[in-house]
Structure formats: structure tokens, C-alpha cells
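Breakdown of the fold
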Amino acid sequence: MSDKVDGELSELTDEQLELGLGRTAKLICSAAFVVGRDVHAFIRDDLLMGDEAALPWREIDVRVDRDRRTVTLAGPGGVNRSAKFHPGQGCTILPPDRDDVYFTPTPVVPDLPDAATTPWPMGDLLPDEPLPPEVDEARLSQALDAALDDARWPAPMRTRGLVVCHRGRLLAERYAPGFGRDIRQICWSAGKSITAALVGVLVRQGHVGVDDPAPIAEWRGAGDPRGRITVRHLLNMISGLACTNAQDDARLTWTYRDCHGLIY
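Residues numbered from 1 in each chain as written. Predicted model: local features only at pLDDT ≥ 70, side-chain atom pairs only at ≥ 80, totals over all residues. Heavy atoms only, no water.

**A short note on the overall build of the protein chain**
Quick note on the threshold: A helix here means a DSSP run of H or I that spans at least four residues, while a strand means a run of E at least two residues long, and both kinds are numbered starting from the N terminus. Summary of the burial criterion: residues with accessible area below 20% of their type's maximum are buried, those above 50% are exposed, and those between are partly exposed, where the area comes from a 1.4 Å probe applied to protein chains only. Residue contacts are defined here by distance: any two heavy atoms, one from each residue, within 4.5 Å place the two residues in contact. Only the protein chains shown count as cover for residues, and all accessible areas are computed by the Shrake-Rupley method using a 1.4 Å probe. All tallies of charge rest on Lys and Arg as positive and Asp and Glu as negative; His and the ends of each chain are not included. Where a charge sits is defined by one atom per residue type, namely NZ (Lys), CZ (Arg), CG (Asp) or CD (Glu).
A tally of regular secondary structure across the protein chain gives 6 helices and 7 strands. If one aligns the C-alpha atoms of the protein chain with their principal axes, the spans along those axes are about 60 × 55 × 40 Å. For the protein chain, with 264 residues in total, the buried portion stands at 30%. Sequence separation of at least 24 residues holds for 48% of the intrachain contacts in the protein chain that already meet a minimum separation of 6. Summing over all exposed atoms, the protein chain offers an accessible surface of approximately 17,100 Å²; the carbon and sulfur share of this is 53%. The protein chain carries 30 positive and 39 negative side-chain charges, and their two centres are separated by 2 Å.

Written out as C-alpha cells, the structure reads:
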């Protein structure tokens, strides 16, 4: 597939275009092959609402290769970036001069119980009993209606889903058309919470301690002050490492000087 998407034109340097196309190719790849969303709807409803709106979309060819499971964004001046999907591991941005990743993908087979017969939150099974007496079911339904009805708000909220929990129990959930509990979304900074939870599992299993030095070999050299950074420092984001952010200086957007953006 090759198509052009209507959007706003912007003047970007080759560096900004390369990094912007790389990150965006990965996002589209995940939408297409991890989630199964319509690519054009994803660009319109997700990317054109964020930083990606600055890309010169009228000059970009969006190429989705269903056989190779890749997404390539061909921009002006011959700047192309691609991302590739690997089952169980998601999508990876490819270096500009390569058509594959540097690692050997290994299939990841989930070892989870059947969601339909496993109680929430580890599964989807909910108790077959009435709502707690302190919950006003009518007002709860009204709140869900309001959250999903953009016509009620001065500006569209574009809520995709709302889940209400109370004292460890899921009481209600509502989704916008085309979305549901199994539709994955871009998580952005929620990834930090997920990472912290996974580190917590490792701590519980005794593989790492939160006050251990960060297990990063490059920081272990003699006299390197980063050797005093602990796992706890990283989890609390108080490592003391300098980190530039284009949200503080728009001139850094999609440049190698934007540490925050390079993570994505």
C-alpha cells in the first residue's frame, strides 16, 4: 500500500525529519500489526492530534507491507524510515541502512491462565452479584454517558474508554465505537509504571534490590560518579542525570539533543 495523508506542512531539518519519521513509523507499525487498527484512521485520530502533526504529511508516502510486516515512511528529500513487527515482541525501528534488526527475534509464548475463567484483575471474570449498596447505579451510568459523549463538552474529549473501580472491584466500563477492553493504546509515560511493576517482580524474586547500584556496566568504571546511582534512584526518577526535553524547548523537537524524545 502506498498513500499520502493530508496534513499540515512544516519546514524540518533532515535530522528532525529522520527522527520524526522513525518514531512515527514505529507507532504506525504497532497500530497496524500489534493492534490491527486501520492505518489511516490511526494517523487521523492519534498522530494528527499530537507532535506528529508537525510532519509534512502531504509529502510523505505511507507504505505498509503486509507480507514483510513493515511500515515505511518515505519523506521529502529521500529521507525514509521503517519499522518492523516481530510476533510476541512488537515493532522495532530499523536503522536507516538496514532492513532487519540486529537481534534474533525469539517467539514469546504467554503462560497465562484462561482470562474468561480467571477473576479480575488477572482475568476477565467478574462477580455475579449486585453493585455495592453505596454505589448509585443510575448516577454511575450517567457519568459513563457523559464521558463518552463529546457533544456534551466545549471541546471533544475523544475518550476511548472509561473503567470504574471501587474497593478492588471493577464496577463499570464503557468504550467508544471501535474500541474495547482488548484494544491496545499508545501507553506513553504509563510505560514507566509498567516498568516499575516489572522491576518490583524482580525484587520480590530476589534478583535485584532497590538499593543496589544500577546494573549498567558502562557506569561501573573506576571513578565514574554514575556508579552511585541505585535502582531506587532510577525508579523514582531522581538519578541526577541530565535530560533535555523538547517540551521545555521546542527547538529540540526531533533532534539528537532531545534526550526525552530519543527514548521514544
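Still more to cover.
**Focus on unusual backbone geometry**
Note that the residue after Trp120, namely Pro121, is joined by a cis bond; omega there is 15°. The residue Pro121 is located in the loop between strand S5 (90-93) and helix H3 (137-148) in this model. Although it is not a glycine, Arg158 sits at a positive phi angle of roughly 55°. Structurally, Arg158 is set in the loop between H3 and strand S6 (161-166). Given the relative accessible area of 43%, Arg158 is considered partly exposed. Positive phi, normally seen in glycine, also occurs at Trp254, with a value near 55°. Summarising the element assignment, Trp254 is placed in the loop between helix H5 (231-235) and helix H6 (259-263). On the basis of relative accessible area, Trp254 is assigned to the buried category, the value being 7%.

**Section: the nonpolar core**
Going by this rule: Put simply, buried Ala, Val, Leu, Ile, Met, Phe, Trp, Tyr and Cys residues joined by side-chain atoms within 4.5 Å make one nonpolar core.
Counting 26 residues, the largest nonpolar core has Ile28, Trp57, Val62 and Leu73 as the members making the most contacts within it. Secondary-structure elements contributing two or more residues to this core are helix H1 (14-35), helix H2 (39-45), strand S2 (61-65), strand S3 (70-74) and strand S4 (80-86). At 10 residues, the largest contribution of residues to this core is made by H1. Ranked by size, the runner-up nonpolar core spans 5 residues in total, among them Val135, Leu144, Leu171 and Ala172.

**Brief notes about the side chain of Ser30**
Residue placement: Ser30 occurs in helix H1. Apart from the residues within four sequence positions on either side, Ser30 is in contact with Val35 and Cys91.

**A few points about the layout of surface pockets**
Formally: A cavity here means a set of 1 Å grid points, computed over protein atoms only, where a 1.4 Å probe fits but cannot escape. A pocket is an open set with protein on both sides within 12 Å along at least 5 of 7 lines, and lining residues have an atom within 4 Å of a point. Grid points are joined across faces, edges and corners, and a volume is the space filled by probe spheres set on the points. Under this grouping Gly is polar, as are all residues other than the nonpolar Ala, Val, Leu, Ile, Met, Phe, Trp, Tyr, Cys and Pro and the charged Asp, Glu, Lys and Arg.
Looking at the largest pocket, its volume works out to about 1,100 Å³. Lining the largest pocket are 31 residues, with Lys26, Val34, Arg184, Gln185 and Cys187 positioned closest to its centre. Secondary-structure elements contributing two or more residues to the lining of the largest pocket are H1, S5 and helix H4 (190-204). In terms of residues, the lining of the largest pocket owes the most to one element, H1, which gives 7 residues. Residue composition of the lining of the largest pocket, grouped by class: 18 nonpolar, 7 polar and 6 charged. By volume, the second largest pocket is sized at about 810 Å³. Taken together, 25 residues make up the lining of the second largest pocket; nearest its centre are Lys192, Leu234, Leu235, Met237 and Ile263.

**Concerning H1**
Where we set the bar: To estimate the expected span of a helix, subtract one from its residue number and multiply by 1.5 Å.
In this model, H1 (22 residues) spans 30 Å end to end at C-alpha, consistent with the 32 Å of a helix rising 1.5 Å per residue. The buried fraction of H1 is high, at 16 of 22 residues. After H1 finishes, the residue Gly36 shows a positive phi value of roughly 85°.

**Considering the environment of Ala116**
Following the sequence through the fold, Ala116 ends up in the loop between S5 and H3. With a relative accessible area of 51%, Ala116 lands in the exposed category. It is 45 Å that separates the C-alpha atoms of Ala116 and Glu218, two residues lying 102 residues apart in sequence.

**Section: the pattern of salt bridges**
How we decide: By definition here, a salt bridge exists when the distance from a side-chain nitrogen of Lys or Arg to a carboxyl oxygen of Asp or Glu is within 4 Å.
Overall, the coordinates contain 16 salt bridges when judged by the stated rule. One salt bridge in this structure joins Asp211 and Arg232, with 2.7 Å as the shortest N-O distance. Here Asp211, found in the loop between H4 and H5, pairs with Arg232, found in helix H5; they are 21 residues apart in sequence, far enough to count as distant. Residue classification places Arg232 among the partly exposed residues on the basis of a relative accessible area of 38%. Connected through shared salt-bridge partners, Arg23, Asp51 and Glu52 make up one network.

**A short note on the packing of aromatic side chains**
What counts, and what does not: Under the pairing criterion, centres of Phe, Tyr and Trp rings, with the six-membered ring standing for Trp, must be within 6.5 Å; the plane angle then separates stacked pairs below 30 degrees from edge-to-face pairs above 60, leaving the rest tilted. Whether a charge lies above a ring is judged from NZ of Lys or CZ of Arg, which has to be within 6 Å of the ring centre and within 35 degrees of the ring normal.
One pass over the structure, following the stated rule, counts 2 aromatic pairs. Their ring planes at 20° and their centres at 6.1 Å tell us that Phe33 and Phe85 sit as a pair that is stacked. In this pair, Phe33 is assigned in helix H1 and Phe85 in strand S4, connecting sequence segments 52 residues apart. A relative accessible area of 15% places Phe33 in the buried class. For the pair Trp188 and Tyr264, a centre-to-centre distance of 5.1 Å together with 75° between the ring planes defines the contact as edge-to-face. Here Trp188 is found in the loop between strand S7 (169-175) and H4, whereas its partner Tyr264 is found in the segment after H6, with 76 residues between them in sequence. In this arrangement the basic side chain of Arg98 is found over the ring face of Tyr102, its NZ or CZ atom lying 4.0 Å from the centre.

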